[in-house]
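Next come the chains, spelled out residue by residue.
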Amino acid sequence: MRVLVLGSGAREHAVAWKFSLSKRISGLYIAPGNAGTDEIGENLPDVSPLDTEAVLRVCRDKHISHVFVGPEQPLDAGIIDALTEEDIPAVGPHRQAARLESSKVFSKRFMNTYGIPTADAREFVNFQDFKQYVVNTSGSLVIKKNGLAAGKGVFESDDTEELLRFGRSVLKDDTLLVEEFLQGWEISVFAITDGNSYIVLPHCADFKKAGEDDTGPNTGGMGAICPVPIVTTSLKQEIRTCIIEPTFRGLRESGLSYKGVVYFGLMITENGPKLLEYNVRFGDPEAQVLLPLIQSDFGNLSDSIIRGTLDTFPLRVSDNSAVGVVIASGGYPDKYNKMLPVTISEKIANDVCVFHASTVLKNGRIHTNGGRCFTVVGTNKDIIKAYTKVYNAVPEISFRQSWYRKDIAKKFFYDLQEV
Ligand code: AMP
Ligand code: GLY
């Protein structure tokens, strides 16, 4: 297989790393890639995943036989449709199905059509109607911009003025949804599908807040764990029956079935699991903790998605726990500096994974080039040992004003100790 991975984050580094370990690989390219992927494959820094023509050209030039798309934006722009037209096998949904992520209105209608438990919601296109609804509703509400917004399209408040201000700004150029505010705890569930059958992967949890104890502003994700110790077998079964199975039935019945990853963002409430959102790709940082636990050859697995043979694929998954900690640039998630030189100590344990995000090589030295710069992942049979391992490694990566959360995974083993 000659594989092209699209993207430049730590998720794509983790995907490319799994491909690099596959016996099936005879060429590995990452567009545009980062300083980490540069060590395991050939980066194509001038190829933007959003430039469809450039992607097709490079597929022809490098004789690519398999494309794996990391982020959502190229999927929404129709990269899979373009690759399919050229007969280039690719993992990801067609544009129509990518609307499950790129349109909150479309995905909410899909959930309602197929009876999938989710927050009650109303659509608005007009400010006066929206205002009347908000003014006459008490308590917290969640407002969601319909289109992709890189994590900035969801706003929760019980303050009418704030809600109206956010809603007005969204309605200038998009539709919005107003949802009931759900309480509970969140998990991310991933299923891979070949268009007919699917395999559910171990459940993950993402730590979205910047501050310790889940406080402070939202981020793209400051850490993740896999699996989630407090998810019981009966909860897993309920998620499968009430959410995953009807989703795949809906995809088949609506002609939207695709080959790729379906991401279920769930809130576990006292009334059972509710689906907050679909994404049509792996999560970041969830992929960084999930992929190290997959023991099967990743080239074979990805090829099985394309060939439609997942129903007989003997997926092997480690029973280890993985804890991933994100190292971010000072100021993130607000304004932050880029191009800071990075030092990675040789003392870092060699069984810890270090996934880069947007880093670049300048004069032979790694430099940061984004807000979230690395995900460090430790694995062990025991989640507490995985936690200790990752936190021993994190200080070995340093750059000016770098920071990270010190409590990733901790709330889960406190819960464990209480049981
Ligand atoms: P979404 O992009 O729809 O997943 O929303 C982003 C985040 O906003 C979620 O991960 C939740 O933390 C929060 N959120 C979204 N919808 C709701 C809701 N109906 N009730 C409470 N929190 C929500
Ligand atoms: N971890 C959240 C996301 O990838 O959207």
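See the structure above.
Predicted model, so just to flag it, every value in this text is computed and none were measured.

Definitions and cut-offs
- Residues numbered from 1 in each chain as written.
- Chains lettered and ligands numbered in written order.
- Predicted model: local features only at pLDDT ≥ 70, side-chain atom pairs only at ≥ 80, totals over all residues.
- Heavy atoms only, no water.
- Helix = DSSP H or I, 4+ residues; strand = E, 2+ residues; numbered from the N terminus.
- Rg over C-alpha atoms; globule rule 2.2 N^0.38 Å.
- Buried < 20%, exposed > 50% of the residue type's maximum accessible area, 1.4 Å probe, protein only.
- Contact = heavy atoms within 4.5 Å.
- Areas by Shrake-Rupley, 256 points an atom, 1.4 Å probe, with all protein chains shown as cover.
- Near = heavy atom within 4 Å.
- Polar contact = N/O pair within 3.5 Å; in protein donor to acceptor, adjacent residues only side chain to side chain.
- Nonpolar A, V, L, I, M, F, W, Y, C, P; charged D, E, K, R; others polar.
- Core = buried A, V, L, I, M, F, W, Y, C linked by side-chain atoms within 4.5 Å.

J.: Got a sec to walk through the overall build of the protein chain? Specific residues and values, please.
T.: Secondary structure assignment for the protein chain yields 13 helices and 24 strands. Computed over the C-alpha atoms, the radius of gyration of the protein chain is 21 Å, within 12% of the 22 Å expected from 2.2 N^0.38 for a compact globule of 419 residues. Counting only C-alpha atoms and orienting by the principal axes, one finds that the protein chain spans roughly 60 × 45 × 45 Å. Counting every position in the protein chain, which comprises 419 residues, the buried fraction comes to 56%. Within the protein chain, contacts between residues separated by at least 24 positions form 68% of all contacts whose residues are at least 6 apart in sequence. Of the roughly 18,300 Å² of accessible surface on the protein chain, a fraction of 45% belongs to carbon and sulfur atoms.

J.: Any details on unusual backbone geometry? Residues and values, ideally.
T.: Note that the residue after Ala31, namely Pro32, is joined by a cis bond; omega there is -5 degrees. With respect to the helices and strands, the residue Pro32 is situated in strand β2 (residues 27-32). Omega for the peptide link from Asp284 to Pro285 comes to 20 degrees, which places this bond in the cis form. By the element assignment, Pro285 lies in the loop between β17 (272-279) and α10 (286-290). The backbone of Asp87 sits at a positive phi, close to 60 degrees, despite the residue not being glycine. With respect to the helices and strands, Asp87 occurs in the loop between α4 (79-85) and β5 (90-91). On the accessibility criterion, Asp87 (68% relative accessible area) is exposed. The phi dihedral of Ala409 falls on the positive side, at around 85 degrees, and the residue is not glycine. Residue position: Ala409 is located in the loop between β24 (397-398) and α13 (410-418).

J.: Which residues make up the site of ligand 1, and what are the values?
T.: In the neighbourhood of ligand 1, 14 residues make up the surrounding shell, with Lys104, Lys144, Glu179, Glu186 and Glu277 lying closest. Between ligand 1 and Glu179 there is a distance of 2.8 Å, counted from a nitrogen atom to a side-chain nitrogen or oxygen. Interatomic distance of 3.1 Å between a side-chain N/O atom of Lys208 and an oxygen atom of ligand 1. Burial of ligand 1 by the protein amounts to 84% of the accessible area it has alone, namely 470 Å². Elements with a minimum of two residues in the shell around ligand 1: β7 (141-145), β9 (176-180) and β17. When the residues that make up the shell around ligand 1 are grouped by side-chain class, the tally is 7 nonpolar, no polar and 7 charged.

J.: Outline the nonpolar core, listing residues and values.
T.: Formed by 79 residues in total, the largest nonpolar core has its most connected members in Leu4, Val67, Leu83, Ile225, Phe264, Leu266 and Tyr278. Those residues within four positions of Val67 in sequence are excluded, and the remaining contacts are Leu4, Leu6, Cys59, Leu83, Ile88, Pro89, Ala90 and Val91. Residues Val289, Leu290, Leu291 and Ala322 belong to the second largest nonpolar core, which totals 39 residues.

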